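Each chain is listed here by its residues.
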Amino acid sequence: MQKKNLLNSKYNIIIIGGGAAGFFTAINIVEKNPNLKVAILERGKSVLEKVRISGGGRCNVTHACFVPNDLVKFYPRGERELKGPFNQFCSGDTVEWFEKHGVELKIEDDGRMFPVSNSSQTIIDCFQDAVKKLKIDVLTNHSVQELYRTESHWKITSTQEVFTCEKIVMASGSNPKIWELLETLGHDIIEPVPSLFTFNIKDPRIKDLMGLSAVASVRVKKSKLQASGPLLITHWGLSGPGILRLSAWGARELADKKYQFAIQVNWLNEITFEEAIDLLKEIKAALAKKIVGKYAQFKLPKRLWENLVRAADISEETKWADLNKKQTTALAEQLTNAEFQVYGKSTFKEEFVTAGGIDLKEVNFKTMESKVAPNLYFAGEILNIDAITGGFNFQNAWTGGFIVADNIVK
Ligand SMILES: Cc1cc2nc3c(=O)[nH]c(=O)nc-3n(C[C@H](O)[C@H](O)[C@H](O)COP(=O)(O)OP(=O)(O)OC[C@H]3O[C@@H](n4cnc5c(N)ncnc54)[C@H](O)[C@@H]3O)c2cc1C
């Protein structure tokens, strides 16, 4: 890099990263103090790329959970630290903020909130209009390479320019290069691992059942991890809210297991093995002359029921009346305690995040300022904070950005 020839530009505040957290911070800073000169440096050709693809192109902006102490429970990493920040800027404030900026949000049945337009472009347009109006410089193709602190200011070297500023906001998401730079400033980085993934499973019981779902509970064997909720059978294995929750809470533990572990699925969710035996006996009495595999029970999808019956070694012709004790036990086992071997993970296309990042002990959560280097602030996924799916990851970006802005202008 030819540093000598690089242009030198001055700003009051430089934001590194043109994603959700970077834009939200920049807009809030200049709205609060229009006299501040602010730039966003983005390494890519375009900005807000994750916002664009988020929520399957619809952008799940936040979640209809408006009480800070309830909201924090969705964050496997950051639960304790986010209590204070959510008391300053919570999901209700997000709804209000977007409304004030001309974007109406709607609540879906599961609590996820999207723009009424059902398009992430609405959020991008809202941010782009605001930076234009507020005269915030958005500099793309500026990959930050170096950070250097003098007594009075910061120097930032990007691939194109050298910048001088009073304060830096790090909003670069989960980016290893920036974490390395921050390590040189004395920050500790919690090792990054993926979160929000689905489980790869090859098993005859779920083969060719892609798209079927059932409300079930899942336990990871030799672990305390368990979750319940709709379980979705995919081409590769199992997905759905329950699996994603396990992947988030177990992000580190499952990485340690190299994504090779066994799970136990209770397809009947809260019904225990013993209760299943009793219920099967009742069905046997009621449907004695009917073929076991023919009519699905417990509201399970028919083809899944057929596969579980087959896995319990019950032939296609067997009638309920002929079911022996061994077969009844085997069926109850398949229904409430079906073991599957997971041999890897796949990306959940609608949303994924990284667990890991800046050690939360090194951040003042009243201001989002670094405890290691003054005048250095953090917002978004760069921190060791992440949540399950549902709009919570963006909420972390909005909350962090708002608090940074509030404190920078003070
Ligand atoms: C497919 C997908 C769908 C998702 N859907 C949702 C959803 O619907 N709801 C939800 O809550 N969450 C969702 N998430 C998670 C959410 O997108 C992130 O948590 C959020 O984008 C984090 O925002 P951020 O600004 O911290 O980081 P990012 O959005 O990652 O932005 C960081 C920016 O910094 C830039 N950058 C990195 N290094 C440098 C550098 N050296 N110099 C300059 N710039 C740099 C990057 O190019 C990037 O543009 C989704 C994630 C994915 C991958």
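What you see is a predicted model; the values in this text were computed from it and never measured.

**Q** How should I be thinking about the overall build of the protein chain in this particular structure?
**A** Secondary structure assignment for the protein chain yields 13 helices and 21 strands. Principal-axis analysis of the C-alpha atoms gives the protein chain an extent of 85 × 40 × 35 Å. In the protein chain, the share of contacts with a sequence separation of at least 24, taken over all contacts with a separation of at least 6, comes to 74%. Roughly 19,000 Å² of accessible area belongs to the protein chain as shown, and the carbon and sulfur atoms make up 50% of that amount. In the protein chain, the 53 positive side-chain charges and the 48 negative ones have mean positions that sit 3 Å from each other.

**Q** Got a minute to help me understand the site of the ligand in this structure?
**A** Around the ligand sit 32 residues in total, of which A21, E42, E350, E381 and F394 are the nearest. Contacts to the ligand include K50, whose side-chain N or O atom sits 3.4 Å from an oxygen atom. Within the backbone of V144, a nitrogen or oxygen atom sits 2.9 Å from a nitrogen atom of the ligand. Considering the ligand on its own, with 1,000 Å² of exposed area, one finds that the protein chains cover 94% of that surface. Among the elements that take part in the shell around the ligand, helix α2 (residues 49-57) stands out by supplying four residues, more than any other. Counted by class, the shell around the ligand contains 11 nonpolar, 14 polar and seven charged residues.

**Q** Which parts of the structure should I look at to understand the packing of aromatic side chains?
**A** For any pair of aromatic rings, geometry is given as the distance between the ring centres together with the angle between the planes. Enumeration according to the criterion identifies 23 aromatic pairs in this entry. With a centroid separation of 4.4 Å and 20° between ring planes, the pair formed by F89 and F402 is classed as stacked. A residue pair is termed long-range when its members are at least 10 positions apart, and F89 in the loop between α4 (83-88) and α5 (91-100) and F402 in helix α13 (residues 392-408) qualify at 313 residues. Relative accessible area serves as the criterion here: at 3%, F89 is assigned to the buried category. Taking the relative accessible area as the measure of exposure, F402 reaches 16% and is therefore buried. Where W97 meets F127, the ring centres are 6.1 Å apart and the plane angle is 65°; that geometry is what we call edge-to-face. Here the residue W97 occupies a position in helix α5, and F127 occupies one in helix α6 (residues 120-133), the gap between them amounting to 30 residues. Site record: aromatic cluster; members linked through ring pairs are F23, F24, F89, W97, F98, F127, F394, W398 and F402. Taking NZ or CZ as reference, K37 lies 4.5 Å from the ring centre of Y11, over its face. The lysine or arginine in question, K345, covers the ring of Y259, its NZ or CZ lying 5.0 Å from the ring centre.

**Q** Please clarify how the sheet that holds strand β16 (residues 338-342) should be interpreted in this entry.
**A** In a beta sheet, neighbouring strands pair by backbone hydrogen bonds and run either parallel or antiparallel. Strand order across the open sheet formed by seven strands is β16-β15-β12-β13-β14-β11-β17, with antiparallel pairing between neighbours. Strands at the two margins of the open sheet, each flanked by one partner only, are β16 and β17 (344-347). The average undirected angle you get between the axes of adjacent strands in this sheet is 40°. Examined bridge by bridge, strand β12 (residues 213-220) and strand β13 (residues 226-233) share seven bridges and lie antiparallel to one another. Within the sheet, the bridge partner assigned to V215 lies in β13 and is P230. Together, β11 (197-200), β12, β13 and β14 (237-239) form the strand contacts of helix α8 (residues 241-249), whose direction differs from that of β13 by roughly 130°.

**Q** Could you clarify how one ought to interpret the environment of L181 in this entry?
**A** Note that L181 resides in helix α7 (residues 176-184). Using a relative accessible area of 14% as the deciding quantity, one classes L181 as buried. Sequence separation between L181 and E146 is 35 residues; the distance between their C-alpha atoms is 6.9 Å.

**Q** So what exactly am I meant to see when it comes to the packing of helix α10 (residues 273-286) against helix α12 (residues 325-336) here?
**A** For any two helices packed against each other, one specifies the inter-axial angle together with the distance between the axes. It is the contact of α10 with α12, at a shortest axis distance of 9 Å, that shows an interaxial angle of 130°. With respect to α12, the element α10 is oriented oblique. The chirality of how α10 crosses α12 is right-handed. Facing α10, whose interface residues are F273, A276, I277 and L280, α12 presents T328, T329, L331, A332, E333, L335 and T336.

**Q** Honestly, a negative patch on the surface in this entry has me stumped. Any pointers?
**A** Together, E274, E275, D278 and E282 line one region of the surface with negative charge. Examined against the element boundaries, E275 turns out to sit in helix α10. Relative accessible area serves as the criterion here: at 40%, E275 is assigned to the partly exposed category.

**Q** Explain the nonpolar core here, please?
**A** Side chains of a nonpolar character, in soluble globular proteins, are inclined to be buried together. Formed by 89 residues in total, the largest nonpolar core has its most connected members in F98, F127, L147, I156 and M170. Among the elements that take part in this core, α13 stands out by supplying nine residues, more than any other. Those residues in contact with I156 that lie beyond four places of it in its chain are I14, I16, L41, V144, E146, L147, E161, V162, F163, C165 and I168. The next biggest cluster of nonpolar side chains, apart from the first, holds 47 residues, and it includes L246, L268, L331 and A332.

Criteria and thresholds
- Residues numbered from 1 in each chain as written.
- Predicted model: local features only at pLDDT ≥ 70, side-chain atom pairs only at ≥ 80, totals over all residues.
- Heavy atoms only, no water.
- Helix = DSSP H or I, 4+ residues; strand = E, 2+ residues; numbered from the N terminus.
- Contact = heavy atoms within 4.5 Å.
- Areas by Shrake-Rupley, 256 points an atom, 1.4 Å probe, with all protein chains shown as cover.
- Lys, Arg positive; Asp, Glu negative; His and termini not counted.
- Charge placed at Lys NZ, Arg CZ, Asp CG, Glu CD.
- Near = heavy atom within 4 Å.
- Polar contact = N/O pair within 3.5 Å; in protein donor to acceptor, adjacent residues only side chain to side chain.
- Nonpolar A, V, L, I, M, F, W, Y, C, P; charged D, E, K, R; others polar.
- Phe/Tyr/Trp six-rings, centres within 6.5 Å; stacked < 30°, edge-to-face > 60°.
- Buried < 20%, exposed > 50% of the residue type's maximum accessible area, 1.4 Å probe, protein only.
- Lys NZ or Arg CZ within 6 Å of the ring centre and 35° of its normal.
- Pairing = 2+ DSSP bridges.
- Axes fitted to C-alpha atoms, helices over the stretch in contact; angles between N-to-C directions.
- Parallel < 35°, antiparallel > 145°, perpendicular 65-115°, else oblique.
- Left-handed = near helix turned anticlockwise from the far one by under 90°.
- Patch = residues over 30% accessible without salt bridge, like charges linked within 9 Å, V, L, I, M, F, W, Y side chains within 5 Å.
- Salt bridge = Lys/Arg side-chain N within 4 Å of Asp/Glu carboxyl O.
- Core = buried A, V, L, I, M, F, W, Y, C linked by side-chain atoms within 4.5 Å.

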